[in-house]
Amino acid sequence: MFTMKSTVILIPAYRAEMSLVTLIKSLREACKESPIVVVRDGMQGDQKVYDSIVGIEMVEVIEHLINLGKGRALKTGFNYIGLKYPNSIGVVTVDADGQHLPMDVARVSSKLFEDNAMILGSRFQVKERIPFRSQLGNRLTRLVFKFFLGLSLQDTQTGLRAVPNKCIPELISLGGERYEYETNMLIHAKQHGWRIAEVPIQTVYVDQNRGSHFNPVLDSMRIYFLIFRFLFSSLTSAVIDQ
């Protein structure tokens, strides 16, 4: 049963498979008080998956007619949750591919209740075999964040995050429609002095994470363009202020 001390779980889903149903059933056991909102980002995928989800208690599905990207799906979910659950502690975002364990989702949720900060589930604080492309992308963005933004994080690209309810209105208005949106969340947090904490998590990679819809070239370009646009804007403002 939802209470004012509950979080709401948000799952952006694109071309979801039956593993999403398994994930949601496990989350219902691990996070009994948390409603689950699934944003179906486009009508692609097996309809049986969503038919199975609709019948699960405290699970809601909202839909995009066409695929608009992960960032837009998250913002759609934040807006819906902000309106329907204004008294929640906050929102925990979870990837639809099953790589986040329900027990880690529960830990991140609990950490949000304790700290009231932006919480990141950090995959790279746990020693395990991680696909090379995930390691490489994270190492590069981690270095860029530390060198240019002064923000030291172990995992800049994690999809398991928790944000306090008070932050939701600002996150809805942020730019970014695809994976770069999650980077913009961190830049915004840095700019506005939001505290960020990391929680070590395990991650399940199925078939070396080949089911991921992250495009290593195009999505990485969007992420780095966003970072360097922020840097250029900051430098320009500093020069003007002189």
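Residues numbered from 1 in each chain as written. Predicted model: local features only at pLDDT ≥ 70, side-chain atom pairs only at ≥ 80, totals over all residues. Heavy atoms only, no water.

So, the side chain of K70
Item 1. Relative to the helices and strands, K70 resides in helix 3 (residues 70–84).
Item 2. For K70, a relative accessible area of 15% translates into the label buried.
Item 3. Aside from chain neighbours lying at most four places away, what touches K70 is P12, D41, D95, G159, E177, R178, Y179 and E182. (Helix = DSSP H or I, 4+ residues; strand = E, 2+ residues; numbered from the N terminus. Buried < 20%, exposed > 50% of the residue type's maximum accessible area, 1.4 Å probe, protein only. Contact = heavy atoms within 4.5 Å.)

Focus on the pairing of strand 4 (residues 90–93)
Item 1. On strand 4, burial covers both faces: G90 and V92 on one face and V91 and T93 on the other are all buried.
Item 2. In this structure, strand 1 (residues 7–13) lies alongside strand 4, joined through 4 bridges in parallel fashion. What sits directly across from V8, in strand 4, is V91. (Pairing = 2+ DSSP bridges.)

Looking at the nonpolar core
Item 1. Within the largest apolar cluster, 31 residues are counted, with the highest numbers of intra-cluster contacts made by I11, L20, I24 and V38.
Item 2. Tallying contributions element by element places helix 1 (residues 19–30) first for this core, with 5 residues.
Item 3. Setting aside residues no more than four positions away along its own chain, L20 makes contact with I11, A13, V38, V49, I53 and A96.
Item 4. Among the nonpolar cores identified, the runner-up in size contains 29 residues, and V37, A73, L153 and Y181 belong to it. (Core = buried A, V, L, I, M, F, W, Y, C linked by side-chain atoms within 4.5 Å.)

Side note on the environment of S26
Item 1. As for its placement among the helices and strands, S26 is situated in helix 1.
Item 2. Residue S26 is classed as partly exposed on the basis of its relative accessible area, which comes to 30%.
Item 3. Residues S26 and L101 lie 75 residues apart in sequence; the distance between their C-alpha atoms is 8.8 Å.

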